[in-house]
Amino acid sequence: MAAAGPPEFVNHCLDQLRPLGAIECRRFFGGWQFRSGGVQFAAVMRGVLHLRVSGDLQAELLAAGGRPFRYARRDREVEVAGYCSLPDAALDDDDMVRDWAGRALHHALSQPAKAPKRRGKRA
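Residues numbered from 1 in each chain as written. Predicted model: local features only at pLDDT ≥ 70, side-chain atom pairs only at ≥ 80, totals over all residues. Heavy atoms only, no water.

Counting secondary structure elements, the protein chain contains three helices and six strands. The order of helices and strands in the protein chain, counted from the N terminus, is α-β-β-β-β-α-β-β-α. Residues classed as buried in the protein chain amount to 37% of the 123 residues present. (Helix = DSSP H or I, 4+ residues; strand = E, 2+ residues; numbered from the N terminus. Buried < 20%, exposed > 50% of the residue type's maximum accessible area, 1.4 Å probe, protein only.)

Put into structure tokens, the structure is as follows:
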């Protein structure tokens with residue numbers, strides 16, 4: 001049996017992001033991730049598009065009305081550092097989505113690559 005493709009909202013986001021260049025869309029935990037140039041810069045989790053941001057860009061996105069990605073565990077709420085939703089004003093404005101996402105992509109591409117985790121015993 002073939003795996004189901006992305007839901008309609010994920011395809012809509014992908015259509016909005018295509019002008020940014022070659023965008024890959026893949027499963028990501030319970031949602032979908034968007035990648036370009038080998039880095040993840042956005043994800044749809046629980047039906048909401050979140051951008052990978054930090055520093056000044058994160059502060060600017062939060063000030064504009066974006067919200068940090070949070071999820072509930074049995075005993076507490078967990079905030080995932082570095083992921084913010086778009087402000088509500090951007091949701092129906094393709095140009096605004098592309099502007100924020102383009103900035104998030106530029107930010108992600110400018111970050112140093114993380115070293116792979118070491119597995120096994122150390123000598």
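Don't stop here, the text continues.
A separate point is the sheet that holds strand S2 (residues 31–36). The six strands lie next to each other as S1-S2-S3-S4-S6-S5, forming an open sheet whose pairing is antiparallel. Edge strands, defined here as strands with exactly one partner in the open sheet, are strand S1 (24–28) and strand S5 (68–72). Here the strands of the sheet are splayed against their neighbours by 35 degrees on average, with no regard to which way each runs. Pairing analysis gives five bridges linking S2 to strand S3 (residues 39–45), with the strands arranged antiparallel. Looking across to S3, one finds that Trp32 is bridged to Val44. (Pairing = 2+ DSSP bridges. Axes fitted to C-alpha atoms, helices over the stretch in contact; angles between N-to-C directions.)

Moving on: the packing of helix H2 (residues 55–63) against helix H3 (residues 94–110). In contact at an axis separation of 10 Å, H2 and H3 are set at 160 degrees when each is read in the N-to-C sense. For the element pair H2 / H3, the angle class is roughly antiparallel. Two packed elements cross with a definite hand, and for H2 against H3 that hand is left-handed. Every residue of H3 that contacts H2 at Leu57, Glu60 and Leu61 is listed here: Trp100, Arg103, Ala104 and His107. Here the contact of H2 with H3 is built from residues that sort into four nonpolar, one polar and two charged. (Parallel < 35°, antiparallel > 145°, perpendicular 65-115°, else oblique. Left-handed = near helix turned anticlockwise from the far one by under 90°. Contact = heavy atoms within 4.5 Å. Nonpolar A, V, L, I, M, F, W, Y, C, P; charged D, E, K, R; others polar.)

On their own, these measurements won't tell you what the molecule is for.
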